[in-house]
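Structure assessment
Below are the chains, spelled out letter by letter.
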Amino acid sequence: MRFILSLFVIFVMSLSACKELETSVMQQETQKKIETVQGLMSNQPAAKLDWSADRYLLDLRNTRFNDPNKMNYLYIFLLNGDIYEYTIIGKLASTSKRLTSPVMKYKLDAPSGYREVLGPAPDMMGTYGHSGTAKLGMTTLGSLLEFGGFIGYIYSETPLIFKNRTKQVIKVTLQASPEEIKEFEKGLKDYKNKTHK
């Protein structure tokens, strides 16, 4: 029994020594990487830029797609090869975005009194969670369109023509009763008035 116990102790000590050696080697490699990067940054400093194409494009995206009076085009690509074309007012919004903070402070009873912890907060609708990859947009009729999952899409300011395709682009037209159209138009007018105060 002592022999087995001795073997076990030797095995545990060897594992510990291996882990220490492994940690030491990893620390040495990490230190080399840090020194290499610092040397490269010192010897080859990045140029000082006076203009950013990224900022310019993102700013254009924010201002041009955010106009509630502008019509844009949404093309959804399905796995079977079909392409659906929708006309959209303004921009698409991610349904996982919120108008409120996703976390809030909660007071919990503790032996030493209350303590505050952070936890999930409800959204404006009083629900929790997120919508993943789903997107939401308003059609030119004023109706909402939501799509999600692993669907590819192109969002464009101008209509696109897809050449050399075996399948045609399916243009989706919206059908609504006269009452629905009247209600959508009123809602769209109210929306545009609110955004241009």
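Owing to the predicted nature of the structure, the values given are computational and were not obtained by experimental measurement.

The rules behind the values
- In this numbering scheme, every chain counts its residues from 1 along its sequence in written order.
- Totals for whole chains, interfaces and linings use all residues, but because this is a predicted model, local features are given only for residues with pLDDT of at least 70 and pairs of side-chain atoms are given and counted only at 80 or more.
- Here the side-chain values reflect all heavy atoms present in the structure, with hydrogen atoms and water set aside.
- Numbering of helices and strands runs from the N terminus, with a helix taken as a DSSP run of H or I at least four residues long and a strand as a DSSP run of E at least two residues long.
- Three labels apply to residues, based on accessible area from a 1.4 Å probe with only protein chains included: buried if under 20% of the type maximum, exposed if over 50%, partly exposed otherwise in between.
- Note on areas: Shrake-Rupley, 1.4 Å probe, and residue coverage restricted to the protein chains presented here.
- Two rings from Phe, Tyr or Trp (for Trp, the six-membered ring) form a pair when their centres are within 6.5 Å of each other. A pair whose planes differ by under 30 degrees is stacked, one over 60 is edge-to-face, and the rest are tilted.
- As used here, the term nonpolar core means buried Ala, Val, Leu, Ile, Met, Phe, Trp, Tyr and Cys residues forming a set that is joined through side-chain atoms within 4.5 Å.
- Salt bridges are identified by distance alone: a Lys or Arg side-chain nitrogen within 4 Å of an Asp or Glu carboxyl oxygen.
- pLDDT is a per-residue confidence score from the predictor, ranging from 0 to 100.
- We call two strands paired when DSSP finds no fewer than two bridges between them.
- Expected helix span is given by 1.5 Å per residue-to-residue step, counting one fewer step than there are residues.
- N or O atoms within 3.5 Å of each other form a polar contact, as long as, within protein, one can give a hydrogen and the other can take it, and as long as residues adjacent in sequence are counted only when both atoms are side-chain atoms.
- By the convention used here, residues are in contact when the closest approach between their heavy atoms is within 4.5 Å.

Quick look at the overall build of the chain
A tally of regular secondary structure across the chain gives three helices and eight strands. For the chain, the N- to C-terminal ordering of α and β elements is α-α-β-β-β-β-β-β-β-β-α. Classification of the 197 residues of the chain by burial places 16% in the buried group. As displayed, the chain has an accessible area near 16300 Å², and 60% of this comes from carbon and sulfur atoms.

A word on the packing of aromatic side chains
Taken as a whole, this structure holds one aromatic pair when the rule is applied. Relative to Tyr56, the ring of Trp51 has its centre 5.6 Å away and its plane inclined at 40°; by these criteria the two rings are tilted. Looking at Trp51, the relative accessible area reads 57%, which means it is exposed.

Quick notes on the nonpolar core
Counting residues in hydrophobic clusters, the biggest one holds five residues: Leu74, Ile76, Tyr86, Ile88 and Leu92. Every element with two or more residues in this core is listed here: β1 (71-77) and β2 (83-94). Broken down by element, this core gets its largest block of residues, three residues, from β2.

Some remarks on the pattern of salt bridges
The tally for this structure, following the rule as stated, stands at two salt bridges. The residue Lys32 makes a salt bridge to Glu29 at a minimum N-O spacing of 3.4 Å. A residue pair is termed a helical-turn pair when its members lie 3 or 4 positions apart in one helix, as Lys32 and Glu29 do in helix α1 (residues 2-43) at three residues. With its nearest N and O atoms 3.4 Å apart, the salt bridge here joins Glu85 to Lys171.

Some points on the confidence of the model for the chain
On average, residues of the chain score 74 in pLDDT, and 75% of them reach the 70 mark or higher. For the chain, strand β6 (residues 144-147) is the element with the lowest average pLDDT, namely 66, and β1 is the one with the highest, namely 84.

Considerations on the pairing of β2
A regular strand places its side chains so that they alternate between the two faces of the sheet. Here β1 pairs with β2 via seven bridges, running antiparallel. Bridging from a neighbouring strand, Tyr73 pairs with Thr87 of β2. What sits between β1 and β2 in their antiparallel hairpin is a turn of five residues, with Gly81 showing a positive phi close to 100°. By the bridge criterion, three bridges tie β2 to strand β8 (residues 169-171) in an arrangement that is parallel. Note that in β8 the partner of Tyr84 across the bridge is Ile170.

Some details on helix α2 (residues 53-65)
The end-to-end C-alpha distance of α2, which contains 13 residues, comes to 18 Å, matching closely the 18 Å that a straight helix rising 1.5 Å per residue would cover. Where α2 begins, the side chain of Ser52 points an oxygen toward the backbone nitrogen of Asp54, at a separation of 3.4 Å.

Focus: the side chain of Asn72
Relative to the helices and strands, Asn72 is located in strand β1. The exposure class assigned to Asn72 is buried, which follows from its relative accessible area of 0%.

Looking at the environment of Ser96
Mapped onto the elements of the fold, Ser96 is located in the loop between β2 and β3 (103-110). Distance in space between the C-alpha atoms of Ser96 and Lys135 is 8.3 Å, their sequence separation being 39 residues.

Here we look at the environment of Lys192
Looking at the element boundaries, Lys192 is found in helix α3 (residues 178-195). Here the alpha-carbon distance between Lys192 and Asp67, two residues 125 residues apart in the chain, equals 9.2 Å. Among all residues touching Lys192, those that are not within four sequence positions of it are Pro68 and Asn69.

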